[in-house]
Structure formats: structure tokens, C-alpha cells
Amino acid sequence: MPSGAHGADAPDTERADPREALRRLPGPLQLPLTCLIGKAYRGQRGPALTPTFHLVGALGSLTAGVALGSWALAAMPALSWWPVPLLAVSWAVTLHGMRNLRMMVFHQCAHRNMWRRKVPDQFLGHLLAGLLLIQAFDAYSREHVKDHHAVHHMTLRDPTVQAFLLTLGLRPGMTRLRMWHIVLRKLVSPAYHLRFLVARLRGYWATASTSGRAMTLVAYTTLAAALTWWGTWTAFLVCWLVPLTVLFQISNTLRLCVKHTFPQPGSTSRGKEHFASLTNAIFLCSTPPARALTGPPKWRAWLRWWGGLLLVHFPSRYLVLTGDTVCHDYHHRHPMSREWADYIFSRQRDIDCGHPGWPPYQEAWGLVPAINRVFDSLTTADPDVYDVARIEHAAEGSRAAFLAFDD
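Reading guide: rules and limits
Going along each chain's sequence as written, the residues are numbered from 1 onward. Only residues with pLDDT of at least 70 are given local features in this predicted model, and only at 80 or more are side-chain atom pairs given and counted; all residues enter the totals for whole chains, interfaces and linings. With hydrogens and water set aside, each side-chain value is computed from the structure's full complement of heavy atoms. The secondary structure listing takes helices from DSSP runs of H or I that are at least 4 residues long and strands from runs of E that are at least 2 residues long, numbered from the N terminus. Take the number of residues in a helix, subtract one, and multiply by 1.5 Å to get its expected span. Bend is computed residue by residue as the angle between axes fitted to the seven residues ending at the residue and the seven residues starting at it. Between buried and exposed lies partly exposed: a residue is buried under 20% and exposed over 50% of the maximum accessible area for its type, with that area taken using a 1.4 Å probe on protein chains only. For this analysis, a ring pair means two rings from Phe, Tyr or Trp (six-membered ring only for Trp) whose centres lie within 6.5 Å, classed as stacked if their planes differ by under 30 degrees, edge-to-face if by over 60, and tilted for the remaining angles. Geometrically, a lysine NZ or arginine CZ counts as sitting over a ring once it is within 6 Å of the ring centre and also within 35 degrees of the ring normal. The term polar contact refers here to a pair of N or O atoms within 3.5 Å; inside protein, the definition further demands a hydrogen-donor-capable atom paired with an acceptor-capable atom, and it admits residues adjacent in sequence only when both atoms are side-chain atoms. Only the contacting stretch of a helix is used when fitting its axis, a line to C-alpha atoms as for every element, and angles between N-to-C directions run 0 to 180 degrees. Handedness of a helix crossing follows the sense of rotation of the near helix relative to the far helix, less than a right angle counterclockwise being left-handed and clockwise being right-handed. For this analysis, residues touch if any pair of their heavy atoms sits within 4.5 Å. Side-chain classes are defined by residue name, with Ala, Val, Leu, Ile, Met, Phe, Trp, Tyr, Cys and Pro counting as nonpolar, Asp, Glu, Lys and Arg as charged, and the others, Gly among them, as polar. Known as pLDDT, the predictor's per-residue confidence is scaled from 0 to 100.

### Some points on helix α5 (residues 83–110)
For step 1, the next point in the chain: Here α5 is 28 residues long and its end C-alpha atoms lie 39 Å apart, about the 40 Å a rise of 1.5 Å per residue gives.
For step 2, the next point in the chain: The principal kink in α5, of about 30°, is found at L101.
For step 3, the next point in the chain: In terms of burial, α5 is a largely internal element, 21 of the 28 residues being buried.
For step 4, the next point in the chain: One or two steps after α5, the chain reaches R112, where phi turns positive at roughly 55°.

This is how it looks when you write it as C-alpha cells:
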């Protein structure tokens, strides 16, 4: 029997779940595929990851990315143009580390769920806020738990909704094509990125404690002095600031567009059915070639499939849907789970056990289909419920909406 085959129901299961179809590939590929796609197959066991593993991995990615970029910059005068692709790779590696620190580590610290120890979690959260120039930890933790995880989830109080309506300027009734046009224009707009960066800086400074501001000033003043002394300003600006600003904000915006769907007119605003309907997983692969294919058509089909996986889905996973964001639905069902660090396998175990007390999980396959799902839900959302004029203190809300991209 081929690796991973699972009985007479295999064809039907494979049609419904591309990950199950991939069980027929060789065993050594299974764990890498699971990590890339974001979904385990039924009953799959993986390594027991820990919070510290994710922290060390993210910091290692930062270090490797900056080191590679610095080397590429230094090599350019002597080696002409060819280190340029290495600089692009360094940006990707650095951005990946930044986004994992933000989307997993900082997020779990805000829930007091990193190591489940108040002092270390808070200390790390404050440190990361200053490092990544995002909303101060205490303010983010308070607002995130109160307005994003409670009864205000996906209401006008939710920063995610404010980001859609105020910052992106999307509205109920807009077509999917119109929403794509607006978002893509913003992603390449210098004005958008400047406003985004200013909002991040203002948000951190306005919400940080006095001691936090003082420590941040000392840290960045010391950094500036060291960069001046060593003459490494160019490396800092190119290798650190580019990923921290424009690239970070592009990733943030695309991540916002897949986080949560909007409830439909007339739907209930209470209960587990309601809250489960607002979040789905995003898995990153397409349906593999059919078993019946043979000869050259089979190899062409597999070549196209692997090309899509490595050239489309891998960048989406590595740069946008980093860490546990592929399984964000598991987090909203179990926000204080001790198993969050093992997110892919924790979600699958919950499914294998019948997801007790909750309705079935939902999922989208691919970044673009996931964005389309969210845009379509906003198209048909109730315009009275999501009337931007009803957001209190719209000017303040607009500034806060930029910060909401970091949920």
C-alpha cells in the first residue's frame, strides 16, 4: 500500500482535502509539507514544539537575514550585480523573523500565554513592541482581549473592522474587484506606507509608559551612536529598516485581508456557531494531480503542482501567513490553549477528537481565495451595521485602525 493510503474512502477524502491526497507522497516529505501547507493529515504526529522554540527561531531568522544582507551589501562593489538577489533573500528572511515575533510571540505575550508567567511574558512583550515599533504592549493587550476576543468581535468596536472601513476604505456593497483595486493601490503607495509608519510610531509613543519611552530613547540613541561610530548606517537602513517598514506593512495589510469574515445580514451575534463562522484556516496548496494520470501528462501535472507550491504558496506562507496565522481559527476557539506552540497538530487533534462543543472547522485553500472569501463577506454585509459614520471619534479610530493591522 502506498505511504499514507487510508482505505476505500481515499478518493472521496482526497477530493475534499488536498492534504489527505498528499499522503501518497514519500514519508520524508510529509512533515515539510505539513509545515508549509499549515495542515496535518488525519492522525499525523509531529514534533512537540515549545514557545521558546518559536522565539529562538524568530530571533535566529532576524540574525541570519541581517547578516546575509550586510554581506551582500559589502560584496556588491567587488562582485558587481549578483549579490542583489541575496539582498532580496535577506529581506525575506528578516521579515519572516519579524512577523513571527509579532504574530506569534508578541500576540501570545498579550494573552499572558507565552510561558504563562506574568513577568517574563510582559517583559518580552514590552521589548518586542519597542523593537518592532508597534503599539505599546499594555495598550495592545488590553484592547486586543477586550475588543477583538469578546462580544465586540467583528463589530465596529473591533480594531480589525476599523482597519477595513477607515484605513483601507472598504465598504459593504463594494465589488470584490473594486476592493482588490483599492488594496493593491495602497500596497504600492508611498503615502500609504508613510501614514502607516507614522501611525505605528505615534501609537507606540502615545500608549507606552514613561519608563518604556525612556528605555526606547536610550536604546535607539545608543544604536544611532554605534552605527555612526562603525559607519554602518547604510547596512542598517537597507537590511533592517526596509523589512521593518514597507515590507512589514505589506505583509500586515495582506494578513488583515484574510483574518476574519464579516457576519451576514440577519445572522445571530452570539454563540459558538456565530464566532466560529467568522474565522477560518488558510491552507497553502492546490489539489494534487489525480491518481489516474500516467506518463507525460502525469509528470507535467506534478511539475505544475510543485511549481505552484514553491513559487506561489511558499512565499505566501513564509512572508504573509507566518507562524500560527494559518490556524487562527484554533486560536479563537481556544485562545488560552497551552498547546498553541504546536498549533498545526493541536488543531488537527481537535478535529480528530470531534471538536467538542464547537461546530466543524472552516478552511480556505490559498491566499488569494482566502482574501476573496473575506471581500465577498464584506460585499454582502449589512451596510447599516457597518456604517463608518457610527464609529465613535472617527479621527482617533483612523489612527488606531493602522495599529489594528497587527492583530
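### Digging into the environment of A64
For step 1, the next point in the chain: Along the chain, the position of A64 falls in helix α4 (residues 51–79).
For step 2, the next point in the chain: Linking A64 and G97, residues 33 residues apart in sequence, is a C-alpha distance of 9.4 Å.

### Describing the packing of aromatic side chains
For step 1, the next point in the chain: For the structure on display, the rule yields eleven aromatic pairs.
For step 2, the next point in the chain: When the ring of W233 is compared with that of F236, the centres are 5.8 Å apart and the planes differ by 85°; the resulting orientation is edge-to-face. Here the residue W233 and the residue F236 both occupy positions in helix α12 (residues 233–259), the gap between them amounting to three residues, near one helical turn.
For step 3, the next point in the chain: With a centroid separation of 5.5 Å and an interplanar angle of 75°, the aromatic rings of W302 and W305 are classed as edge-to-face. Residue W302 and its partner W305 are located together in helix α14 (residues 295–319), separated by three residues, close to a single helical turn.
For step 4, the next point in the chain: Of the residues examined, W305 reaches a relative accessible area of 4% and is grouped as buried.
For step 5, the next point in the chain: Each residue in the set F106, F137 and Y140 is aromatic and connected to the rest through ring pairs, giving one cluster.
For step 6, the next point in the chain: Looking at R99, its charged tip hangs above the ring of F248, at a distance of 4.8 Å from the centre.
For step 7, the next point in the chain: Sitting over the ring of Y361, R333 keeps its end group 3.8 Å from the ring centre.

### Remarks on the environment of Y361
For step 1, the next point in the chain: Position of Y361 among the secondary structure elements: in the loop between α16 (343–352) and β2 (363–365).
For step 2, the next point in the chain: For the pair Y361 and V198, spaced 163 residues apart in sequence, the C-alpha separation works out to 38 Å.
For step 3, the next point in the chain: Within the local environment of Y361, its side chain forms a polar contact with the side chain of D350, the two groups lying 2.5 Å apart.

### Regarding the packing of α5 against helix α6 (residues 118–132)
For step 1, the next point in the chain: Look at α5 against α6: their axes get within 9 Å of each other, and the N-to-C directions meet at 145°. In the packing of α5 onto α6, the handedness of the crossing is left-handed. Judged by residue contacts, M98, L101, R102, V105, F106 and C109 of α5 engage D121, L124, G125, L128, A129, L131 and L132 from α6.
For step 2, the next point in the chain: Classifying every residue of the contact of α5 with α6 gives ten nonpolar, one polar and two charged.

### What about the environment of T379?
For step 1, the next point in the chain: With respect to the helices and strands, the residue T379 is situated in helix α17 (residues 367–379).
For step 2, the next point in the chain: Residues T379 and W71 lie 308 residues apart in sequence; the distance between their C-alpha atoms is 47 Å.
For step 3, the next point in the chain: Residues in contact with T379, not counting those within four places in the same chain, are P172, G173, M174, T175, R176 and M179.

### A word on the confidence of the model for the chain
For step 1, the next point in the chain: This prediction gives the chain a mean pLDDT of 89; 91% of its residues lie at or above 70.
For step 2, the next point in the chain: The low-confidence segment residues 1–9 (pLDDT under 50) makes ten contacts with residues lying over four places distant or belonging to another chain.
For step 3, the next point in the chain: Below pLDDT 50 for its whole length, residues 394–404 participates in 28 contacts with residues either more than four positions away or in separate chains.

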